[in-house]
Amino acid sequence: MIWDNGIGEALHELKSHKLRTFLTLLGMIFGVGSVISMLMVGKGAEKEALRLIDSMGLRNLIVEAKSYSTDELKEIREQSPGLRLADLAAARETLPLLSGEAATKSLQPYILFGPAGQSKAEVVGVTPSYFELSQLSLAEGRPILEMDQEFTARVCVLGARAAAELFGSEKALGGLIKVDHQWLEVVGVLTAQSPDQGEFEGVALKGPDAQILMPLNTRLRLFRDLPFRDEIDHFIVQVQPGVASLQAAQPLAQLMAVRHKKVDDYTLIVPEALLQQHRKTQSIFNIVMASIGAISLLVGGIGIMNIMLANVLERTREIGLRRAIGARRRDIMQQFIAEALTISATGGLLGIVLGVALAYAIAGFSGWPVGWSLLPILLAVGSCGLIGLLFGIYPALKASRLDPIEALRHD
């Protein structure tokens, strides 16, 4: 009964002093809101990072050629032959921990059109295993096969966006497109993926939607390259299950350094290391945001103590009257703690609403995803309860220790 009365009186106090209460609640609202929004956005960012790493392949190691001008390449080629299929063959023969491999070579065509018009899609020659290692799925048709690679077949697989640009509403499967001076038959169309992500931990990510994939041998034998360019743009090797990719990356890095005579004309990308770096960065971000939220909650707690002390002063005669008619010190203490908890709970509820709204606002503005979890809500409720209890104890003790006679004489 005491707690019910305390909650009712606390709500009455909130209504009686609207401006003072609102200013008191701001610290709690912003503290809880910042913690919830931070955790929701952080959870969403973690899911997105896992999705991106999964698209790169957590067990994959990627070696990518660096871009240089022609003049720079002339000097580099005096020492290093550039990234070649021989590097991939050497990795396969030297490293026993590999279970798969793939290579690619891009093309910048001067002509690329289909029945519906032109396209600016990226044209890439790939080995058949590229589809599996890059986890590409087909909406229709088939992927590049070993037979296509062996016989330099003039075939291709289109990304969803490339198919729409080149064929419009017409059926792409079985159609022909022209890439420079070569006609290619469409044998497959990829399932539509999410939009390109730009970069992840400094690594450029390109989605398959705007790509046209052809056999690597077709790309190398039927299309010319500029002088001094790398034979392939990048290759992927996949480590066996149960083997840490970071462990396999060390011998691969040593092999590439020897083959390229320590010329820094390539980049070794380890998706697992990128994931660890992302988690470390996210952890630092969480600590910073949690610290800001804790400071806001501390300010809110001080505000609660301030308003509770003001309530004790304003209601001194009321406290004296209650003590005179039989209320115990414990009853008075419970009364004011209940009021403090009610105030903090109100701030917490408003903070939850603000946090969710802020998380979606951040997501809409920056394009970051939002991840739902019970942890932010439970953390907010627990923080509010703890703040209300800690900062309500002193005013409650002060109220309970008032002398009834002196309290009744108070003006």
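Residues numbered from 1 in each chain as written. Predicted model: local features only at pLDDT ≥ 70, side-chain atom pairs only at ≥ 80, totals over all residues. Heavy atoms only, no water.

Attention now goes to the overall build of the protein chain. Within the protein chain, the secondary structure is distributed over 14 helices and 14 strands. Looking at the 411 residues of the protein chain, the share that counts as buried comes to 45%. Taking contacts inside the protein chain between residues at least 6 apart in sequence as the whole, the part at least 24 apart equals 81%. Approximately 21000 Å² of the protein chain is accessible, and the part contributed by carbon and sulfur atoms is 60%. (Helix = DSSP H or I, 4+ residues; strand = E, 2+ residues; numbered from the N terminus. Buried < 20%, exposed > 50% of the residue type's maximum accessible area, 1.4 Å probe, protein only. Contact = heavy atoms within 4.5 Å. Areas by Shrake-Rupley, 256 points an atom, 1.4 Å probe, with all protein chains shown as cover.)

With that out of the way, let us pick up a nonpolar patch on the surface. Together, Leu19, Phe22 and Leu23 make up a nonpolar patch on the protein surface, roughly 340 Å² of accessible area in all. Relative to the assigned elements, Leu23 resides in helix α2 (residues 18–56). (Patch = residues over 30% accessible without salt bridge, like charges linked within 9 Å, V, L, I, M, F, W, Y side chains within 5 Å. Salt bridge = Lys/Arg side-chain N within 4 Å of Asp/Glu carboxyl O.)

Let's shift gears to the environment of Met308. Position of Met308 among the secondary structure elements: in helix α10 (residues 271–314). Looking at Met308, the relative accessible area reads 0%, which means it is buried. Between the C-alpha atom of Met308 and that of Gly392, which follows or precedes it by 84 residues, the distance is 7.1 Å. With residues up to four places along the chain from it excluded, the contact list for Met308 reads Phe336, Glu339, Ala340, Ile343 and Pro395.

This part takes up a negative patch on the surface. Residues Asp71, Glu72, Glu75 and Glu78 make up a contiguous surface patch of negative charge. Mapped onto the elements of the fold, Asp71 is located in helix α3 (residues 70–77). (Lys, Arg positive; Asp, Glu negative; His and termini not counted. Charge placed at Lys NZ, Arg CZ, Asp CG, Glu CD.)

Turning to the packing of helix α4 (residues 85–94) against helix α9 (residues 245–259), a few remarks are in order. Axis separation between α4 and α9 bottoms out at 11 Å; the angle between their running directions is 135 degrees. In this view, α4 runs oblique relative to α9, as classed from their interaxial angle. In the crossing of α4 with α9, the sense of the turn from one axis to the other is right-handed. Residues Ala86, Asp87, Ala90, Ala91 and Thr94 of α4 form the contact with α9, whose participating residues are Leu252, Leu255, Met256 and Arg259. (Axes fitted to C-alpha atoms, helices over the stretch in contact; angles between N-to-C directions. Parallel < 35°, antiparallel > 145°, perpendicular 65-115°, else oblique. Left-handed = near helix turned anticlockwise from the far one by under 90°.)

Further remarks concern α3. Taken as a whole, α3 has its buried residues at Leu73, Ile76 and Arg77. The buried residues of α3 occupy one face: seen down the axis, they fall within an arc of 90 degrees. In this structure, α3 carries Asp71 and Glu75 as exposed residues pointing more than 90 degrees from its buried face. (Arc of directions from axis to C-beta.)

Glancing now at the pairing of strand β7 (residues 155–158). Alternating residues of β7 divide into Val155 and Val157 and Cys156 and Leu158, and every residue in both groups is buried. Across 2 bridges, the pairing between β7 and strand β12 (residues 211–215) is antiparallel. Across the sheet, the residue bridging to Leu158 is Ile212, located in β12. (Pairing = 2+ DSSP bridges.)

The bulk of non-glycine residues show a negative phi, and the bulk of peptide bonds are trans. A positive phi angle, near 50 degrees, is found at Thr152, a position not held by glycine. Secondary-structure assignment places Thr152 in the loop between α6 (146–150) and β7. Given the relative accessible area of 13%, Thr152 is considered buried. With phi around 55 degrees, Asp180 is a residue other than glycine that occupies positive phi space. Residue placement: Asp180 occurs in the loop between β8 (176–179) and β9 (182–190).

A few words now on the nonpolar core. Core analysis: the biggest nonpolar cluster contains 27 residues, and Val32, Ile36, Ile304, Met308 and Phe336 have the highest contact counts within it. Among the elements that make up this core, the one with the highest residue count is helix α12 (residues 329–366) (8 residues). Membership of the second largest hydrophobic core comes to 22 residues, among which are Ala91, Leu98, Ala103 and Ile232. (Core = buried A, V, L, I, M, F, W, Y, C linked by side-chain atoms within 4.5 Å.)

The next thing to look at is the environment of Ile76. Along the chain, the position of Ile76 falls in helix α3. Judged by relative accessible area, which is 13%, Ile76 ranks as buried. As for Ile76 and Val263, which are separated by 187 residues in sequence, their C-alpha atoms are 7.5 Å apart. Ignoring anything within four residues of it in the chain, the contact list for Ile76 reads Tyr68, Val263 and Asp265.

Glancing now at the side chain of Asp265. The topology assignment puts Asp265 in the loop between α9 and β14 (266–269). Among the polar contacts made by the side chain of Asp265, one reaches the side chain of Ser80 at a distance of 2.8 Å. What Asp265 contacts, discounting residues up to four positions off in sequence, is Ala65, Lys66, Tyr68, Ile76, Arg77, Ser80, Gly82 and His260. (Polar contact = N/O pair within 3.5 Å; in protein donor to acceptor, adjacent residues only side chain to side chain.)

Put simply, the protein chain has an average pLDDT of 81, and 88% of its residues get 70 or more. Looking at the elements of the protein chain, mean pLDDT is at its lowest for strand β11 (residues 203–205), recorded as 47, and at its highest for β7, recorded as 96. (pLDDT = per-residue confidence, 0-100.)

Relative to the 21 Å expected for 15 residues at 1.5 Å per residue, α9 spans 21 Å between its end C-alpha atoms, a close match to the ideal helical length. Of all the residues in α9, the buried ones are Ser245, Ala248, Ala249, Leu252, Leu255 and Met256. Take α9 and look down its axis: the buried residues cluster within an arc of 130 degrees, on one side only. Across α9 from its buried face, at more than 90 degrees, point the exposed residues Gln250, Gln254 and Val258. Those residues of α9 that are buried are in contact with β1 (60–65), α4, β13 (234–239), β14 and α10. Lys261 sits one or two positions beyond α9 and adopts a positive phi of about 55 degrees. (Expected span 1.5 Å × (residues − 1).)

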